[in-house]
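A closer look at the structure
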Amino acid sequence: MHRLTQEQARRIAVRAQRLSFDNSAQDLLEVVRSLTLVQLDPTRAVAPSADLILWSRLGQAYAPSDLVEAIEVRSVIELQGLLRAAEDVALFRAEMEQWPGPSPAPWQEQQVAWLETNHACVDDILARLEGEGPLRSREIPDTCVEPWQSSGWNDNKNVIAVIRLLVRKGLVACAGRKGRERTWDLAERVYPDDPVPDVDEARRIHNERWLRSLGITRSRTTESGGEVIDIGTTGEPAVIEGVAGEWRLDPDSHGAAEWDGRTALISPFDRLAYDRARAQDLFGFDYQLEMYKPAAKRRWGYFALPILHDDQLVGKLDATADRRAGVFRVEALHEDVRFDAGMRSEVMAEIEALALWLGLEPLLP
C-alpha cells in the first residue's frame, strides 16, 4: 500500500498527463500514445478540443494541420469520437467482433433487433462503402424500413445510426473528414492489420495504459460524459493523506524525477480535469462545462478553460476566439485561489501564447 501526500498525488497526475516540464512531450504521436486518447469536440469557442489538448502539451510547435495529416496517413485513428494511436485500435477489435457481448443490456438488445429489422439497409451500406468508400453519411441512400428512434436528438437519422452500430461491430470505421464531416469506409481498409489480442488480454493492456496516462485514479470511476471506467486491480493500491478511500497507482509513476511544474490552459475535455470527482478529490477543483446552461446561470463562462499552475488547478479562463474581429477576447479570469504576482504573470503569458497560436490579438477586460 502506497501512502501519498496530496502534493505527491497531484504531481503524479500532472506528470502522467505530460503537463510538467520534467515529462514534456516532443511530438503529436508521443502525446496521443501517452494519453491513450484525445477527445474530439467541435466547439470552436476557443479552438476544437483536440487541438487545445495537443497545444497545451506541445505549444507553438503544434499546428492543427499536423493532426489533419496524422489522420490522413492513419497514424492516428478516430474511434467513436476519440482519437487513438493506430496501433491501439487492435485493443478494441476483439470486443467489437463480439458486440454486444454475452450479456447485453436491454438497450443493446434493442439496437441488435433494429439492425436485424433493417438488414437490407445494412447490406446496402456495406456494399456501397466497398464500391465507393470512403463516403459521407449524407452520400448514402436511406433504405431502412424502420426508422431509428431515440430521445429525440437523433430521431430518423437512420443512415448515421446504422453506421455507428456497424462501427461498434467493427465493420465500418471513420476514414477521415471532408471539412467538418466524417467520411466512412470498411474497417478492414482503415484499421491496421495488427494482431488482435483476445478480450481479456486487450482489457489488461488497455487498463495498464489508461492508468499510466493518469498516474493515479480510482479503480472505478464515472467521467463527466457518463462513461463508467473500471480498471479493477490494475496497478498498485494507494491512499492519499486527507482523501477518503483507496486509489490505484501506476507503479512506474511513483518516485519519478525531480518535479518541474508549469502553467497551462487546458481544454474542458482534458483528462486532467474531465473526471470531475477525481479533480475535486485530487485538486479541490470545482468545475462544470457550462455551454449547455442559460447564460444567466453560468458561473465561469460558456467554454471556460481550467488553469493549471505548478501542481494545482487554480482557476478558469472565460475567453472567446473572435475570429471576425481578430481578437482573443478575455471575458473573465476566475481565481479559485488568490493569484500572487508570479502566478498572474505566468497565467497572462499563457493567455498571450494561446492568442498568438490562434493568430489573434489578446483583448483583456
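Look above for the structure.
Okay, so let's go over this structure. (Residues numbered from 1 in each chain as written. Predicted model: local features only at pLDDT ≥ 70, side-chain atom pairs only at ≥ 80, totals over all residues. Heavy atoms only, no water.)

Observations concerning the overall build of the protein chain
As a reminder of what qualifies: Here a helix means four or more residues in a row that DSSP labels H or I, a strand means two or more in a row labelled E, and each is numbered from the N terminus. Here the globule rule is a power law, 2.2 Å times the number of residues to the power 0.38, and the radius of gyration is based on C-alpha atoms. Partly exposed residues are those whose accessible area sits between 20% and 50% of the maximum for their type, while under 20% is buried and over 50% is exposed, using a 1.4 Å probe and protein chains only. What makes two residues a contact is simply this: any of their non-hydrogen atoms within 4.5 Å. Accessible areas in this description were obtained via Shrake-Rupley with a 1.4 Å probe; residue shielding takes into account the shown protein chains only. Note on charges: Lys and Arg go in the positive column, Asp and Glu in the negative column, and His and the chain ends are not counted at all. A charge is said to be at NZ when it belongs to Lys, at CZ for Arg, at CG for Asp and at CD for Glu.
A tally of helices and strands in the protein chain yields 11 helices and 17 strands. A globule of 365 residues ought to have a C-alpha radius of gyration of about 21 Å, and the protein chain, at 22 Å, matches this closely. When each of the 365 residues of the protein chain is scored for burial, the buried share is 48%. In the protein chain, once contacts between residues fewer than 6 apart in sequence are set aside, the share between residues at least 24 apart is 62%. For the protein chain, the accessible surface area stands at approximately 17600 Å², while carbon and sulfur atoms represent 47% of it. Of the side chains in the protein chain, 44 bear a positive and 60 a negative charge, and the two mean positions are spaced by 4 Å.

Notes on unusual backbone geometry
Geometrically, the link from Trp-99 to Pro-100 is a cis peptide bond, its omega value of 10° lying close to zero. Tracing the backbone shows Pro-100 in the loop between helix H5 (90–97) and helix H6 (106–117). Cis peptide bonds are those with omega within 30 degrees of zero, and the linkage from Gly-133 to Pro-134 qualifies with 5°. The backbone of Arg-74 shows a phi angle near 65°, a positive value even though the residue is not glycine. Take Arg-74: it is sitting in the loop between helix H4 (64–72) and strand S3 (76–79). Under the relative-accessibility criterion, Arg-74 is labelled partly exposed at 27%. One non-glycine residue, Gln-80, lies in the positive phi region at around 55°. Structurally, Gln-80 is set in the loop between S3 and strand S4 (82–85). Assessed through its relative accessible area of 44%, Gln-80 is described here as partly exposed.

Some details on the packing of aromatic side chains
For clarity, the cut-off: In summary, the pairing rule links any two rings of Phe, Tyr or Trp, Trp by its six-membered ring, whose centres are within 6.5 Å, and it sorts them by plane angle into stacked for under 30 degrees, edge-to-face for over 60 and tilted for everything else. Distance and angle both matter: a charge sits over a ring if NZ of Lys or CZ of Arg is within 6 Å of the ring centre and within 35 degrees of the ring normal.
Enumeration according to the criterion identifies 6 aromatic pairs in this entry. Considering the side-chain rings of Tyr-287 and Trp-300, the 6.0 Å spacing of their centres and the 5° angle between planes classify their relative orientation as stacked. Of this pair, Tyr-287 sits in the loop between helix H10 (276–283) and strand S14 (305–310) while Trp-300 sits in the loop between H10 and S14, and the two are 13 residues apart along the sequence. An aromatic cluster of three or more residues is present, and its members are Trp-55, Tyr-62 and Trp-357. Note that Arg-262 overlies the ring of Phe-21, its terminal NZ or CZ placed 6.0 Å from the centroid. Against the face of Trp-300 rests Lys-316, its NZ or CZ located 4.1 Å from the ring centre.

Some points on the environment of Ala-325
Mapped onto the elements of the fold, Ala-325 is located in the loop between strand S15 (312–322) and strand S16 (327–335). Taking the C-alpha atoms as reference points, Ala-325 and Glu-361, 36 residues apart in sequence, are found 9.3 Å from one another.

Side note on the pairing of strand S6 (residues 172–178)
As a reminder, the rule being used: Only strands joined by at least two bridges in the DSSP assignment are considered to pair.
Counting buried positions along S6 gives 5 out of 7 residues, so the element sits mostly inside the fold. Bridge analysis of S6 against strand S7 (residues 181–186) gives 6 bridges, and the strand direction is antiparallel. Paired with Arg-177 across the two strands is Arg-182, which belongs to S7. Taking the residues that link successive antiparallel strands as the turn, the S6-S7 hairpin has 2 residues, and the phi of Gly-179 there is positive, at about 65°.

Things to note about the packing of helix H7 (residues 119–132) against helix H8 (residues 158–168)
Put simply, the test is: Helix axes are fitted to C-alpha atoms over the stretch in contact, other axes to C-alpha atoms as well, and angles between N-to-C directions run from 0 to 180 degrees. Relative orientations are named as follows: roughly parallel for angles under 35 degrees, roughly antiparallel for angles over 145 degrees, roughly perpendicular for angles from 65 to 115 degrees, and oblique for any other angle. Amino acid classes used here: Ala, Val, Leu, Ile, Met, Phe, Trp, Tyr, Cys and Pro are nonpolar; Asp, Glu, Lys and Arg are charged; the rest, including Gly, are polar.
Between H7 and H8, the shortest axis-to-axis distance is 11 Å and the interhelical angle comes to 75°. In terms of orientation, H7 lies roughly perpendicular with respect to H8. Here Cys-121, Val-122, Ile-125 and Leu-126 of H7 come into contact with H8, specifically with Val-159, Val-162, Ile-163 and Leu-166. Among the residues forming the contact of H7 with H8, the class breakdown is 8 nonpolar, no polar and no charged.

A short note on the packing of H6 against H8
We count it as follows: A crossing counts as left-handed when the near helix is turned anticlockwise from the far one by less than a right angle, and as right-handed when that turn is clockwise.
The geometry of H6 relative to H8 is characterised by a closest axis approach of 11 Å and an angle of 115° between their N-to-C directions. Crossing hand, H6 versus H8: left-handed. Within the contact between the two elements, H6 uses Gln-111, Trp-114 and Leu-115 and H8 uses Asn-158, Ala-161, Val-162 and Leu-165. Among the residues forming the contact of H6 with H8, the class breakdown is 5 nonpolar, 2 polar and no charged.

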